[in-house]
Amino acid sequence: MSGWLGPAAAVLLFLFMLYRRFRKMVGRQPIIPGRLVFRAMLFVIIGVAVFVGIAGSPLDIAGAAAGLAFGVVLAFFGLRLTRFEGGPGERFYIPNPYLGFVVFALFVGRLAYRIFEVKRAGSSPGVGGFVLANHGYGPLTSALLFAFVGYYVFYYLGILLRFRGERAG
């Protein structure tokens with residue numbers, strides 16, 4: 001009976017994280033510069049850590065570069081769709097819920113598929129699961145991961161730059 005508690009707890013934690021991320025995408029968010037910098041740096045660290053892991057695979061690197069470029073373009077588009085509210089002492093941003101959710105859903109969907117694919121291949125030794133499991137992320141997964149990273153790094157930094165520009169001007 002206790003063998004299912006670990007996976008169940010992981011699924012519940014994952015669903016809670018999805019719920020929190022969704023709430024951040026649809027609601028009015030206060031502009032707190034330190035929080036925006038922290039979030040951007042967290043995504044940079046994740047991106048660097050993953051990039052170090054895929055550095056030996058030219059296909060993964062190509063996927064990462066394409067995904068990063070796509071994420072930056074989406075971030076600029078997302079910034080154009082973001083609404084800003086508030087007075088002099090209090091500023092808020094309201095992200096476009098559709099764009100952020102699509103980026104997030106693509107990444108989570110691909111990651112879930114990749115985990116399922118590796119698990120399935122690893123469970124039957126004749127399929128070559130060891131080779132697949134140690135191959136890395138794969139170009140599509142790398143592209144979607146770096147689109148996610150690029151989107152959020154440049155989105156958060158764009159909000160911060162716009163806020164600082166308004167305060168200076």
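What you are looking at is a predicted structure, and each value in this text was computed from that prediction instead of being measured.

## As for the overall build of the protein chain
Scanning the protein chain from N- to C-terminus turns up 6 helices and 3 strands. Starting at the N terminus and ending at the C terminus, the protein chain contains elements arranged as α-β-α-α-β-β-α-α-α. The 169 residues of the protein chain split such that 37% are buried. Sequence separation of at least 24 residues holds for 79% of the intrachain contacts in the protein chain that already meet a minimum separation of 6. Put simply, the protein chain shows about 10,400 Å² of open surface, and 73% of that area lies on carbon and sulfur atoms.

## Considerations on the sheet that holds strand β2 (residues 83-87)
Within the open sheet, the 3 strands sit side by side as β1-β3-β2. Their pairing is antiparallel. Each edge of the open sheet is held by one strand with a lone partner, namely β1 (29-30) and β2. Where β1 meets strand β3 (residues 90-94), 2 bridges bridge the pair, whose relative direction is antiparallel. Paired with Q29 across the bridge in β3 is Y93.

## Quick notes on empty space enclosed by the protein
Applying the stated criterion to the full structure yields 2 cavities of 30 Å³ or more. There is about 40 Å³ of room inside the second largest cavity. In this structure, the second largest cavity is lined by F70, L74, V103, L106, F107, L144 and A147. For the lining of the second largest cavity, the elements supplying multiple residues, two or more each, are α3 (58-81), α4 (97-123) and α6 (139-168). It is α4 that contributes the most residues to the lining of the second largest cavity, 3 residues altogether.

Criteria and cut-off values
Residues numbered from 1 in each chain as written. Predicted model: local features only at pLDDT ≥ 70, side-chain atom pairs only at ≥ 80, totals over all residues. Heavy atoms only, no water. Helix = DSSP H or I, 4+ residues; strand = E, 2+ residues; numbered from the N terminus. Buried < 20%, exposed > 50% of the residue type's maximum accessible area, 1.4 Å probe, protein only. Contact = heavy atoms within 4.5 Å. Areas by Shrake-Rupley, 256 points an atom, 1.4 Å probe, with all protein chains shown as cover. Pairing = 2+ DSSP bridges. 1 Å grid on protein atoms, 1.4 Å probe; cavity = no way out; pocket = protein on both sides within 12 Å on 5 of 7 lines; lining within 4 Å. Points joined across faces, edges and corners; volume = space filled by probe spheres on them.

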